[in-house]
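Each chain, written out:
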Amino acid sequence: MIQLSKPDIGELEREEVLKVLDSGIIALGPKYQEFEKLFREFAGAEHALAVCSGTCGLHLAVRAAGIKQGDHVITSPFSFVTSANVMLYEKAVPIFVDIDSQTLNISPEKIKAKIQSEYDWKNKLLIHKKTGAHLSALLPVHIFGQVCDMDGIMEIACEYNLPVIEDACEALGAEYFSRKKNKWLNSGTVGEVGVFAFYPNKQITTGEGGMIITDREDYAEAIDSMRNQGRSKDGVWLTHERLGYNYRMDELSAAIGIAQMKRIKNILIKRQEVAERYKQMLSGIDEVEFPYTASYSRISWFVYVIKIKNGINRNAMMDGLIKDGIQVRPYFTPIHLQPFYREMFGYKEGLFPVAEKISDRTIAIPFHTTLSEKEQKIIVNSLKQQIQKHKSHNHIAV
Ligand SMILES: *Cc1c(COP(=O)(O)O)cnc(C)c1O
């Protein structure tokens, strides 16, 4: 079986983990702070706060941004389910806006249209015309390692005074060219707060883990306290100043993260090379569209998701690939069509047609740093065969 993803773990990770085990300090020690320092320097942010998953990170970002019960938050339906779930944790409401068909990221034009048609600007707040709910933030997701059109999003955010939470969980190392600032910016540094994730299929891993970055002192202070049971920085251990959680990262995870950050440039280059080989191998196949890169974007490769053109049975193709020993997945089923979103909100097909159409045509194929050229050839050959097999033949004259 050729696996969809595989972490890049080496000797350095083993050494760092063993050092922590031998030290006897396996939680709340020096390692998570060392990991944060390396991360802060790499991302170019004032503060970096390690947490135990990307989901925990997004949850704390939502709380730090002051999103309250009943509030609306605009986000993408074409994402991993957690980027909308974090609003539900706070009894806020994710409001989906459809994506751009090329970048697969939320479209600033569609956000603008949504706000203009459904909200009133009253006392410096966006108020939903029908329900009176307050639209209180934007949560763009940098899907598959490509940063959203952040100039467009920040323009809306500035106009309506909305905090922006960047879900950069798939985009560590990605860059965005801001036409306004005339320079390249790192993913996660454009909005108020950015969140990264370190599950084993991400660019770097800590087992489970996440990181929140921000330049805002007030956000950093609140997040630091909330991840640690609501304690204050210099307070007494058993004094809790606010509602907190145990979202801390343990020292073993942080040790893996330190090793990964020391090797990150190399890891990202290796991912880039695998992506380039795929592009070459797939370029002759008319039925396959490979990932699009916007002119303002430097992708950090997270997964390799191809689009299969119309007229081919995508699901039958995937079954065929799996039979050939190749692990593939349909990335992503839109969030609004997940069973419990349908049930909670009454969502149906047709509401976000671009996201829906694309999710019917995508296949994530195996992608990781150690994927060999030989394995890629096997994958591409199987893809070609499956395409021939599952083309509809209704054009053949009877
Ligand atoms: C991976 C991911 C997350 C966070 O996932 P965790 O498993 O909680 O670390 C959040 N958003 C997106 C888009 C992701 O891909």
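Just above sits the structure.
Residues numbered from 1 in each chain as written. Predicted model: local features only at pLDDT ≥ 70, side-chain atom pairs only at ≥ 80, totals over all residues. Heavy atoms only, no water.

Draft legend 1. Representation of the pattern of salt bridges. The final tally for this structure, using the stated rule, is 23 salt bridges. We note a salt bridge from R263 to E13, for which the minimum N-O separation is 2.6 Å. Taken together, the residues span a long stretch of sequence, with R263 in the loop between α8 (251–262) and α9 (264–282) and E13 in helix α1 (residues 11–23) at a distance of 250 residues. A single burial state applies to R263 and to E13, both of which are buried. In this structure, R179 and D149 form a salt bridge, with 2.6 Å as the shortest nitrogen-oxygen distance. You can see R179 sitting in the loop between β8 (175–178) and β9 (183–186) and its partner D149 sitting in the loop between β6 (134–139) and α6 (150–160), a full 30 residues away along the chain. Look at D149 and you get buried, because its relative accessible area is 15%. (Salt bridge = Lys/Arg side-chain N within 4 Å of Asp/Glu carboxyl O. Helix = DSSP H or I, 4+ residues; strand = E, 2+ residues; numbered from the N terminus. Buried < 20%, exposed > 50% of the residue type's maximum accessible area, 1.4 Å probe, protein only.)

Draft legend 2. Up close: helix α5 (residues 108–118). P108, I111 and I115 are the residues of α5 that are buried. The arc that holds every buried residue of α5, seen down its axis, measures 55°, which confines them to one face. For α5, the exposed residues lying more than 90 degrees away from the buried face are E109 and Q116. Each element contacted by the buried residues of α5 is listed here: β2 (72–75), β4 (119–122), β5 (125–128), β6 and α6. (Arc of directions from axis to C-beta. Contact = heavy atoms within 4.5 Å.)

Draft legend 3. A look at the site of the ligand. Within the structure, the ligand sits among 13 residues, and G54, T55, D167, E170 and K202 are positioned closest to it. One of the side-chain nitrogen or oxygen atoms of T55 is found 2.5 Å away from an oxygen atom of the ligand. D167 has a polar side-chain atom sitting 2.7 Å from a nitrogen atom of the ligand. With 3 residues, the top contributor of residues to the shell around the ligand is helix α3 (residues 54–64). When the residues that make up the shell around the ligand are grouped by side-chain class, the tally is 5 nonpolar, 5 polar and 3 charged. (Near = heavy atom within 4 Å. Polar contact = N/O pair within 3.5 Å; in protein donor to acceptor, adjacent residues only side chain to side chain. Nonpolar A, V, L, I, M, F, W, Y, C, P; charged D, E, K, R; others polar.)

Draft legend 4. Molecular detail of the pairing of strand β1 (residues 47–51). Burial within β1 is extensive, with 5 of its 5 residues counted as buried. Of the two faces of β1, both are covered, the one formed by H47, L49 and V51 as well as the one formed by A48 and A50. Bridge count for β1 against strand β11 (residues 210–214) is 5 bridges, and the pairing is antiparallel. In the sheet register, H47 faces β11, and the bridge partner there is T214. (Pairing = 2+ DSSP bridges.)

Draft legend 5. Main features of the nonpolar core. Counting 52 residues, the largest nonpolar core has F78, F144, I165, I223 and Y331 as the members making the most contacts within it. Those elements that provide at least two residues to this core are β1, α3, α4 (82–89), β6, β10 (193–197), α7 (217–227) and α12 (353–359). Per element, the largest residue contribution to this core is 6 residues, and it comes from α3. Beyond its immediate sequence surroundings of up to four residues, Y331 is in contact with L4, F78, F144, N201, F302, V303, V305, T362 and A364. Ranked by size, the runner-up nonpolar core spans 48 residues in total, among them A48, I95, C148 and I153. (Core = buried A, V, L, I, M, F, W, Y, C linked by side-chain atoms within 4.5 Å.)

Draft legend 6. Quick look at the environment of M318. Structurally, M318 can be placed in helix α10 (residues 314–323). On a C-alpha basis, the gap between M318 and A364 in space is 9.7 Å, while along the polypeptide they are 46 residues apart. Residues contacting M318, with those up to four places away along its chain left out, are V328, R329, P330 and I363.

Draft legend 7. Summary view of the sheet that holds strand β3 (residues 93–96). The 5 strands lie next to each other as β3-β2-β6-β5-β4, forming an open sheet whose pairing is mixed. In this open sheet, the two strands that pair with only one neighbour each are β3 and β4. The mean angle between the axes of side-by-side strands here comes to 45°, regardless of whether they run parallel or antiparallel. Here β2 pairs with β6 via 4 bridges, running parallel. Each residue of the ladder has a partner; that of T75, found in β6, is L139. (Axes fitted to C-alpha atoms, helices over the stretch in contact; angles between N-to-C directions.)

Draft legend 8. Region of interest: empty space enclosed by the protein. For the structure on display, the rule yields 3 cavities of 30 Å³ or more. Roughly 180 Å³ of volume is contained in the largest cavity. Lining of the largest cavity is provided by 16 residues; of these, L104, F144, P291, Y292 and V305 occupy positions nearest its centre. Class assignment of the residues belonging to the lining of the largest cavity gives a composition of 10 nonpolar, 4 polar and 2 charged. Taken together, K6, P7, D8, P200, K202, Q203, I204, T205, Q260, I267, R271 and T369 make up the lining of the second largest cavity. (1 Å grid on protein atoms, 1.4 Å probe; cavity = no way out; pocket = protein on both sides within 12 Å on 5 of 7 lines; lining within 4 Å. Points joined across faces, edges and corners; volume = space filled by probe spheres on them.)

Draft legend 9. Main features of the pairing of strand β15 (residues 362–365). Residues of β15 alternate between two faces, with T362 and A364 on one and I363 and I365 on the opposite face, all of them buried. Strand direction decides the pairing type here: strand β14 (residues 304–308) and β15, joined by 4 bridges, are antiparallel. Bridge assignment links Y304 to a residue of β15, and that residue is I365.

Draft legend 10. View of the environment of E356. With respect to the secondary-structure elements, E356 resides in helix α12. Each C-alpha atom of the pair E356 and P77 lies 9.0 Å from the other, and the pair is 279 residues apart in sequence.

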